[in-house]
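Residue-level structure breakdown
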Amino acid sequence: MKSRTTRSLTIDAFDARAVDIDTVELDQLYTLSIGVGWPHRPEDWQFLRDTGHGIVVHDEIGRVLGSAMWFPHGTDFATVGMVITSPRLQALGTAQWLMKRILSAAKGRNLRLNATRAARKLYLSLGFRRERTVFQRQAEVQRSGEVPSPSEGGELRKLARKDLPAIAQLDAQAFGAARLDLLAALLGQSAGVGLYRQGRLEAFALCRPFGRGHVVGPVVASSDEDAIQVVAPHVAAHEGQFLRVDTHLADGEFSSFLARCGLVFFDTVTTMSLGGEFRDPNDRSGQTPVTYALASQALG
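Residues numbered from 1 in each chain as written. Predicted model: local features only at pLDDT ≥ 70, side-chain atom pairs only at ≥ 80, totals over all residues. Heavy atoms only, no water.

Before going further, it helps to examine the overall build of the protein chain. In terms of helices and strands, the protein chain carries eight helices and 14 strands. Across the 300 residues of the protein chain, 52% fall into the buried class. Here the contacts in the protein chain between residues at least 6 apart in sequence split such that 70% fall between residues at least 24 apart. Approximately 13,400 Å² of the protein chain is accessible, and the part contributed by carbon and sulfur atoms is 48%. (Helix = DSSP H or I, 4+ residues; strand = E, 2+ residues; numbered from the N terminus. Buried < 20%, exposed > 50% of the residue type's maximum accessible area, 1.4 Å probe, protein only. Contact = heavy atoms within 4.5 Å. Areas by Shrake-Rupley, 256 points an atom, 1.4 Å probe, with all protein chains shown as cover.)

Before going further, it helps to examine the side chain of serine 67. Mapped onto the secondary structure, serine 67 falls in strand S4 (residues 64-73). At 2.8 Å, the side chain of serine 67 and the backbone oxygen of methionine 82 are in polar contact. Apart from residues no more than four positions distant in its own chain, serine 67 is found in contact with Leu32, Trp45, Ile55, Val56, Met82, Val83, Ile84 and Leu98. (Polar contact = N/O pair within 3.5 Å; in protein donor to acceptor, adjacent residues only side chain to side chain.)

In this section: unusual backbone geometry. One can expect most non-glycine residues to show negative phi and most peptide bonds to be in trans. Between glycine 217 and the following residue, proline 218, the backbone shows a cis peptide bond with an omega angle of 0°. Checked against the element boundaries, proline 218 lands in strand S11 (residues 213-221). One non-glycine residue with positive phi stands out, namely methionine 82, at about 55°. Mapped onto the secondary structure, methionine 82 falls in strand S5 (residues 77-85). Here methionine 82 falls in the buried class, since its relative accessible area comes to 3%. Notably, glutamine 198 is not glycine yet its phi reads approximately 50°, a positive angle. Along the chain, glutamine 198 falls in the loop between strand S9 (191-197) and strand S10 (200-210).

Moving on: the packing of aromatic side chains. Evaluated as defined, the whole model comprises four aromatic pairs. Their ring planes at 85° and their centres at 5.6 Å tell us that phenylalanine 77 and phenylalanine 175 sit as a pair that is edge-to-face. Of this pair, phenylalanine 77 sits in strand S5 while phenylalanine 175 sits in helix H5 (residues 164-175), and the two are 98 residues apart along the sequence. Between the aromatic rings of tyrosine 123 and phenylalanine 128, the centroid separation amounts to 5.9 Å while the plane-to-plane angle is 65°, which identifies the pairing as edge-to-face. Accessibility expressed as a relative area gives 5% for tyrosine 123, which makes it buried. Given the relative accessible area of 3%, phenylalanine 128 is considered buried. Over the aromatic face of phenylalanine 265 sits the side chain of arginine 137, whose NZ or CZ is 4.1 Å from the ring centroid. Taking NZ or CZ as reference, arginine 157 lies 4.0 Å from the ring centre of tyrosine 196, over its face. (Phe/Tyr/Trp six-rings, centres within 6.5 Å; stacked < 30°, edge-to-face > 60°. Lys NZ or Arg CZ within 6 Å of the ring centre and 35° of its normal.)

Estimates place the volume of the largest pocket at around 1,000 Å³. Around the largest pocket, the lining is made up of 40 residues, and of these Val36, Trp38, Val83, Thr116 and Ala119 lie nearest the centre. Mapped onto the lining of the largest pocket, the elements with two or more residues apiece are S5, helix H3 (94-105), strand S6 (110-115), helix H4 (120-125), strand S7 (129-140), strand S12 (242-247) and strand S13 (264-274). A total of six residues in the lining of the largest pocket trace back to one element, the largest contributor, which is S5. Of the residues that constitute the lining of the largest pocket, the class distribution is 19 nonpolar, 16 polar and five charged. (1 Å grid on protein atoms, 1.4 Å probe; cavity = no way out; pocket = protein on both sides within 12 Å on 5 of 7 lines; lining within 4 Å. Points joined across faces, edges and corners; volume = space filled by probe spheres on them. Nonpolar A, V, L, I, M, F, W, Y, C, P; charged D, E, K, R; others polar.)

Below, the discussion takes up the confidence of the model for the protein chain. Here the protein chain averages 90 in pLDDT, while 90% of its residues score no lower than 70. Here residues 1-6 is a poorly scored stretch, pLDDT under 50, and it has 15 contacts once near neighbours within four places are set aside; other chains count. (pLDDT = per-residue confidence, 0-100.)

The terminal C-alpha atoms of H5, which comprises twelve residues, lie 16 Å apart, in line with the 16 Å expected from a rise of 1.5 Å per residue. Regarding H5, the residues found buried are Leu164, Ile167, Ala168, Leu170, Asp171, Ala174 and Phe175. As for H5, its buried residues are in contact with S5, S6, helix H6 (180-189), S10, S11 and strand S14 (290-293). (Expected span 1.5 Å × (residues − 1).)

This brings us to helix H2 (residues 42-51). Within H2 the residues assigned to the buried category are Asp44, Trp45, Phe47, Leu48 and Arg49. Contacts made by the buried residues of H2 are with helix H1 (26-35), S4, S5, H6 and S10.

A few words on the pattern of salt bridges. Counted by the stated rule, this structure contains eleven salt bridges. Between aspartate 267 and arginine 117 there is a salt bridge, with the nearest N and O atoms lying 3.2 Å from each other. With aspartate 267 in strand S13 and arginine 117 in the loop between S6 and H4, the pair connects residues that are 150 residues apart, well separated along the chain. Between arginine 157 and glutamate 155 there is a salt bridge, with the nearest N and O atoms lying 3.5 Å from each other. (Salt bridge = Lys/Arg side-chain N within 4 Å of Asp/Glu carboxyl O.)

Right, let's get into empty space enclosed by the protein. Using the criterion set out here, one finds one cavity of 30 Å³ or more in the structure. Estimates place the volume of the largest cavity at around 150 Å³. Taken together, 17 residues make up the lining of the largest cavity; nearest its centre are Arg112, Phe175, His248, Phe278 and Gly300. Of all the secondary structure elements, the ones that give two or more residues to the lining of the largest cavity are S5, S6 and H5. The element contributing the most residues to the lining of the largest cavity is S6, with three residues.

Next comes the structure, spelled out in structure tokens:
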């Protein structure tokens, strides 16, 4: 059962109160994120509320002024995201107050988040360390791109619910934490493509509605070639539509493939961690699965 948080904070000469994120209207959350230029639809907010925990700050007349969420994976790991404060409150300590409450709620877990440029200083002050840059690539796909045939012995399949155990096992190797519940929720909203060899899942890519169009992620593979094979069908299926991929990879064949498909660099954020070990996807040998694309910046 999610706890209800009711402590108050005096901000800029008025009182604000923190409450559980489930207690506010989706339209209020949508207005908050649109106010800072984030593309989340009400449906995206609802998915995040279904898979995580969070708090919002509102003023005396119920206007939502800020939010922060955390998403548990197993018993010792979580990601942090959707840390938003309205522009006029960003310099008044609201985000720090929200983050300290999230850190308290997630105490005992290793944490990972993706920080905007404006928020990096805050997270550094809370003990987070920089890891890698996330490159947000997006565009209206103008051509279908390449649809390479699987290498000898490989077979591309549409993923179904029965594939969840194999998806979760491969993802855990790449991500460094078990995310079975999240992947089950994502699979329910996504089209999935898996690369099998000798009956074993070796790469996968999920694609779901998000923001202005669709997002491809997570993508897990052991080589650029395999990652391209599972992403290419999603690119081909969304020719002329808006598509987004968040990746730690700035170069290599996978990055070049995204560029050839018209997915240009739009923005960057910085992956940061508190405790635990971050698995750098740039250290890829072709033998061990790595995360080629994030599920989202909030979910990792």
